[in-house]
Amino acid sequence: MRPLRLLAAVTGSPRLLAAAPRTGAAPVRVPPDSLSGAGGTAPAPDRPSSRTRLRAWAELLRVSALFTVPGDALAGAAATGRRPARGTALAVGASLCLYEAGMALNDWADREEDAVDRPHRPIPSGRVAPGAALAAAGALTAAGLALAARAGRPALAVASGLAATVWAYDLRLKHTRLGPAAMASARALDLLLGATATAGAASAAPGPAGTHAAPGPAGTHAAPGPAGAHPPSAALPAALALGAHTYAVTAVSRHEVQGGSTAAPLAALAGVAGLGAAALRGRPAHGEPSPAPATGTLLLPAFVAAYLRTAAVPLLHAALNPSPPLTRRAVGGGIRAMIPLQATLAARAGSPLVGLAAMGLFPLARALSRKVSPT
């Protein structure tokens, strides 16, 4: 036996056994992990689990805020004096798609800014690729418009305006003085989408004898419905109220990273108080349907109280101490407060049970916001 192999046999060294030449025998294979990191192939990095990827997309799309969307269509349907129907469901689906498109596009447009201010966000942290977020925004926009088209051309026209407003806000208007107004317009259009889709689907439905609605003035068709049904334009007061609330919350959200603004929370607090007082005034404005006397009298004050508690209390705290955490809490409360506001608008329009259905989403939004931030 050669000296080198003799030494290897005595010491039991795998390195020497690997290096020692052998005659007439197969070479000894040494496991890569026995070489203390020398040689072999480094293990491939672990791919993120499905649960991790799902959470990243949930954060990107801010799924806890999704529960604030269906109430727009429900309040719009109530403003027309009709029950929620197929057109309302299509409007809800379109609204959800367009809302999520805006969330994905928002993070894509802010990816460089978030890398400095919010490095934990899904795109700057590397959990979601920028191209994937942009592709999702495009696909969700197309899906939303397709759903709106099934509710009729008027609904598609409103949804197209909503989609254009969402893209303009995220890509251009967000950091300008027009940012809050653009966001308010988007929410108002979303409520009008529910009104238009509900009325449009009703007008396309066959009448009692299998015929369509009789022609109205100028060759148009009168939308069938219960006594007291209104055209989609009757939803304008409710849309303006929701838009005003959205404007106030968006103005506060512009300070949620740096904080330091007392004026914005105070102005938003005044606006919220004004909306609550207007909802409780005796008679609706001209052109608004009157609320149901029995159920509406009981539920309307409860909805208004929930709205004020959810929106006003965090705004007051942010006004007293405009720190970033309290400002973000005020913005989150303002987003969740849209649900009791939608319920208020539905009850004021004469559909308190529709408002109660919208309020059913409130506990879900509050519970999920503890896991996924709506801002």
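Position numbers for residues count from 1 along each chain, tracking the sequence in the order it is written. Under the rules for a predicted model, residues below a pLDDT of 70 receive no local features and side-chain atom pairs below 80 are neither given nor counted, while totals for whole chains, interfaces and linings still include all residues. Here the side-chain values reflect all heavy atoms present in the structure, with hydrogen atoms and water set aside.

Student: Can you tell me about the confidence of the model for the chain, naming the residues and giving the values?
Tutor: Every residue is assigned a pLDDT by the predictor, reflecting its confidence on a scale from 0 to 100. Across the chain, the average pLDDT comes to 83, with 76% of residues at or above 70. Comment: elements are numbered from the N terminus, with helices defined as DSSP H or I runs of at least four residues and strands as E runs of at least two. Averaged pLDDT values over the elements of the chain bottom out at 41 in helix α2 (residues 14-19) and peak at 98 in helix α7 (residues 130-149). Between residues 2-45, whose pLDDT stays under 50, and residues either more than four places distant or in other chains, the model counts 22 contacts. The contact rule is simple, with two residues in contact once any of their heavy atoms fall within 4.5 Å. Here residues 208-224 is modelled with pLDDT under 50, and outside its nearest four sequence neighbours on either side it reaches 22 contacts, counting other chains as well.

Student: Explain the pattern of salt bridges residue by residue, including any values.
Tutor: Where charged atoms from two side chains of opposite charge approach closely, those side chains can pair. Basic side-chain nitrogens of Lys or Arg form a salt bridge, by our definition, when they fall within 4 Å of a carboxyl oxygen of Asp or Glu. The final tally for this structure, using the stated rule, is seven salt bridges. The shortest N-O distance in the salt bridge between R187 and D72 comes to 2.7 Å. Separated by 115 residues along the polypeptide, R187 in helix α9 (residues 179-204) and D72 in helix α4 (residues 70-79) bring together distant segments of the chain. R187 sits in the buried class, given a relative accessible area of 7%. Only protein chains enter the calculation, and the probe is 1.4 Å; a residue is then buried if its accessible area is under 20% of its type maximum, exposed if over 50%, and partly exposed in between. Given a relative accessible area of 0%, D72 falls into the buried group. Across the pair R121 and D107 runs a salt bridge, and its minimum N-O distance is 2.7 Å. Taken together, the residues span a long stretch of sequence, with R121 in the loop between α6 (111-117) and α7 and D107 in helix α5 (residues 86-109) at a distance of 14 residues. As far as burial versus exposure is concerned, R121 and D107 are alike and both buried.

Student: Please set out the nonpolar core residue by residue, giving values where relevant.
Tutor: Of all hydrophobic cores here, the largest spans 51 residues; its most connected members are L191, L193, Y307 and L345. Not counting residues within four places of it along the chain, the set of residues in contact with L345 comprises A75, L191, A238, A241 and L242. In plain words, nonpolar cores are sets of buried Ala, Val, Leu, Ile, Met, Phe, Trp, Tyr and Cys residues tied together by side-chain atoms within 4.5 Å.

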